[in-house]
Amino acid sequence: MRRETSGMVGTVQSEGQTTVAVAAAGPAAVAAVLVTTGPAPSPRGGARALLLVSLSLLSMISPFATDMYLPSFPRIADDLSTAPSGVQLTLTTFLVGVALGQLFFGPLSDRRGRKRPLVAGSLVCVVASFVAVYAPTIEVLLGARFFQGLGGAAGIVIARAIVADLFRGAEAASIFSVLAILGGLAPILAPVAGGLLAGPVGWRGVLGVLAGLTVVMSLVAVLVIRETAPARRGTAASSAAAPSPPAAGATSRPHLGTVLRRPGFTAYALVKTFSFAVLMGYISASPFIYQDYVGVGELAGAALFALNSLAMIGANAVNARLVRTRGPAAMLRVGLVLLTTAVVALSLVVFLAAPPLALVPVFVLLVGSMGLIFGNSIGLAISHARDAAGSGSAVIGFGQFVAGAAVAPLVGLGERATPVPMTVLLIAATAATWVCEVVARRAAAPHD
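Enquirer: Please clarify how the packing of helix H5 (residues 115-133) against helix H8 (residues 185-223) should be interpreted in this entry.
Expert: The geometry of H5 relative to H8 is characterised by a closest axis approach of 9 Å and an angle of 165° between their N-to-C directions. Relative to H8, the element H5 lies roughly antiparallel. Like other packed secondary-structure pairs, H5 and H8 cross with a definite hand, here left-handed. Note on element contacts: H8 touches H5 through Trp203, Arg204, Leu207, Gly208, Ala211, Thr214, Val215, Ser218, Ala221, Val222 and Leu223, opposite Lys115, Leu118, Val119, Ser122, Leu123, Cys125, Val126, Ser129, Phe130, Ala132 and Val133. Partitioned by chemical class, the residues of the contact of H5 with H8 number 15 nonpolar, 5 polar and 2 charged.

Enquirer: I tried to follow the confidence of the model for the protein on my own but got confused; where do I start?
Expert: If pLDDT is low for a region, its predicted coordinates should not be looked at in detail. Residue-level pLDDT values for the protein average 80, and 82% of them are 70 or greater. The model gives residues 1-38 a pLDDT under 50, and that stretch makes 69 contacts with residues more than four places away or in other chains. Across residues 233-251, where pLDDT falls below 50, the model places 26 contacts with residues more than four positions away in sequence or in other chains.

Enquirer: Help me understand the packing of aromatic side chains, please; the structure alone is not making it clear to me.
Expert: The description of an aromatic ring pair uses the distance of the two centres, along with the angle that the planes make with each other. Across all of its chains, the model carries 6 aromatic pairs by this definition. Here Tyr69 and Phe73 contribute two aromatic rings whose centre-to-centre distance is 4.9 Å and whose plane-to-plane angle is 75°, an arrangement assigned as edge-to-face. Accessibility classification places Tyr69 together with Phe73 in one group, the buried group. Aromatic ring contacts, followed pair by pair, group Tyr282, Tyr290 and Phe363 into a single cluster. The ring centre of Phe374 lies 4.4 Å from the NZ or CZ of Lys272, which sits over that ring.

Enquirer: Mind showing me how you'd approach the pattern of salt bridges here?
Expert: Charged atoms that come close allow side chains of opposite charge to pair. If you walk through the whole model with that rule in mind, you get 6 salt bridges. The shortest N-O distance in the salt bridge between Glu437 and Arg333 comes to 3.5 Å. Pair noted here: Glu437 is in helix H15 (residues 420-444) and Arg333 is in helix H12 (residues 328-351), with a separation of 104 residues, a long-range link. Note on Glu437: relative accessible area 1%, which makes it buried. Classification of Arg333 as partly exposed rests on a relative accessible area of 29%. With a shortest N-O distance of 2.8 Å, Arg441 and Glu437 are connected by a salt bridge.

Enquirer: Is there a simple way to explain helix H11 (residues 298-326) in this structure?
Expert: Since there are 3.6 residues in each turn of an α-helix, residues three or four apart along the chain are aligned in direction. The terminal C-alpha atoms of H11, which comprises 29 residues, lie 40 Å apart, in line with the 42 Å expected from a rise of 1.5 Å per residue. At Ala320, H11 shows its largest bend, some 30°. Considering only its buried residues, H11 is in contact with helix H7 (169-183), H8, helix H10 (263-294), H12 and helix H13 (359-382).

Enquirer: How should I be thinking about unusual backbone geometry in this particular structure?
Expert: Negative phi is the rule for most residues except glycine; trans is the rule for most peptide bonds. Backbone geometry at Ser81 places phi at a positive 50°, although glycine is not the residue there. Following the sequence through the fold, Ser81 ends up in the loop between helix H3 (73-79) and helix H4 (84-112). For Ser81, a relative accessible area of 68% corresponds to the exposed category. Notably, Ala353 is not glycine yet its phi reads approximately 55°, a positive angle. The topology assignment puts Ala353 in the loop between H12 and H13.

Enquirer: Sorry if this is basic, but what is going on with the side chain of Ser122 here?
Expert: Relative to the helices and strands, Ser122 is located in helix H5. Note on Ser122: relative accessible area 8%, which makes it buried. In this structure the side chain of Ser122 is engaged in a polar contact, spanning 2.8 Å, whose partner is the backbone oxygen of Leu118. Discounting chain neighbours no more than four positions away, the residues touching Ser122 are Gly151, Ser218 and Ala221.

Enquirer: Looking at this model, I keep getting lost on a nonpolar patch on the surface. Mind explaining?
Expert: Taken together, the side chains of Leu50, Phe130, Tyr134, Val215, Leu219, Val222, Leu223 and Val224 present a nonpolar region at the surface, about 770 Å² in accessible area. Sorting elements by how many residues they give to the nonpolar patch places H8 first, with 4 residues. Overall, Val224 belongs to the partly exposed group, its relative accessible area being 32%.

Enquirer: Any chance you could explain H13 here in plain terms?
Expert: Look at H13: 35 Å from first C-alpha to last across 24 residues, which is about the 34 Å you get at 1.5 Å a residue. In H13, a bend of some 25° at Gly371 exceeds every other bend along the element. Counting buried positions along H13 gives 21 out of 24 residues, so the element sits mostly inside the fold.

Enquirer: How should I be thinking about the packing of H11 against H13 in this particular structure?
Expert: Two measures define how a pair of helices packs: the angle their axes make with one another and the distance between the axes. Packing of H11 against H13 brings their axes to within 7 Å, and their N-to-C directions diverge by 35°. As for the relative orientation of H11 and H13, their crossing is right-handed in sense. Contact residues: H11 offers Leu304, Leu307, Asn308, Ser309, Ala311, Met312, Ala315, Asn316, Asn319 and Val323, while H13 offers Val360, Phe363, Val364, Val367, Gly368, Met370, Gly371, Leu372, Phe374 and Asn376. When the residues that make up the contact of H11 with H13 are grouped by side-chain class, the tally is 13 nonpolar, 7 polar and no charged.

Reading the values: the criteria
- Residues numbered from 1 in each chain as written.
- Predicted model: local features only at pLDDT ≥ 70, side-chain atom pairs only at ≥ 80, totals over all residues.
- Heavy atoms only, no water.
- Axes fitted to C-alpha atoms, helices over the stretch in contact; angles between N-to-C directions.
- Helix = DSSP H or I, 4+ residues; strand = E, 2+ residues; numbered from the N terminus.
- Parallel < 35°, antiparallel > 145°, perpendicular 65-115°, else oblique.
- Left-handed = near helix turned anticlockwise from the far one by under 90°.
- Contact = heavy atoms within 4.5 Å.
- Nonpolar A, V, L, I, M, F, W, Y, C, P; charged D, E, K, R; others polar.
- pLDDT = per-residue confidence, 0-100.
- Phe/Tyr/Trp six-rings, centres within 6.5 Å; stacked < 30°, edge-to-face > 60°.
- Buried < 20%, exposed > 50% of the residue type's maximum accessible area, 1.4 Å probe, protein only.
- Lys NZ or Arg CZ within 6 Å of the ring centre and 35° of its normal.
- Salt bridge = Lys/Arg side-chain N within 4 Å of Asp/Glu carboxyl O.
- Expected span 1.5 Å × (residues − 1).
- Bend = angle between axes of the 7 residues up to and from the residue.
- Polar contact = N/O pair within 3.5 Å; in protein donor to acceptor, adjacent residues only side chain to side chain.
- Patch = residues over 30% accessible without salt bridge, like charges linked within 9 Å, V, L, I, M, F, W, Y side chains within 5 Å.
- Areas by Shrake-Rupley, 256 points an atom, 1.4 Å probe, with all protein chains shown as cover.

Structure representation (structure tokens):
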């Protein structure tokens, strides 16, 4: 604890909290001061379970909005008299909206609090979702999808910021893993639900179900989520004497530059970005690898994809349990070792012409390792952005969307049935992940 005095104003500082006491020595004794309250108490028991389910629901807008209507693409093209490329653009515009929305709502939540931006973004998402349901032309659908992503990004980015507000260290990494377990169900359920609904209700009905989900998300934002951001309040009064300056290190207006200038944050955020590039490289290439290279049918390929997703969910569950005793930095390195093992095995299978079926366990290990990497890298990065958790969350989210957009076309270079481009990309991304982890560990030791 540090005690500072200036004139008639006494300031007592402790970690995460600043209390200002003004002692009046006469009618002219007044001051202008900044008051920052400490972090909100972490919820326990049933309140914690409700919070985790609510945050998971807010984070699910992206997988549901991208995967649920994919089986309806041909019918959308027919009904709106557009080319398949026009329908595919509706996916692109949504992802662009999500990426930009995170950069907007993340820093905004640092300045205005978590709840109001979350509610505002959720309402934008709801309105855009219903516009999409009744879109008369492809142009209207494109615009609706952009604003659907823009508004939905508020839930994605602010959910991570809320975890950073309420939890610390290994506990935060554990919570991120639990959210990944719950959120990991969406990519599995959304395509199945979309395929089952496409026939009976049509593409507008599928988008209507999605609109209903956004209404539920908005109700969660309004009724369940409470304000968690540390409050920054200013109180002022006229004085003959000059006011005391804010305490050293206080951040009254955190922004993206606030976190990007911190090596520990940036390096751990890049660990998440490059590891996500590995996952997206696999996802983008897997349909062709399974069907054309390994030689399994569509149904078997989908089953193998689901198996890998379950491996990642299981690894997240293991991480959520062990990270409390081992620590997020140690668990992150375990995940990177598993990822490296998988990439080395992948290289041996591809470049030494091993039986293609050997890729099946390799992909299980590769995808499963992400369960030990994602939650821990996010938790470690956010540990360097407590005063700007919204901005930090925005940078992390934007980075992974950029990585996904960049990787998808690269794995398709060359012949359709060859896994060589994917393998080369995964080797490079894994090496970059290790470099960032080493830099982060050296820069961030005091925070871990």
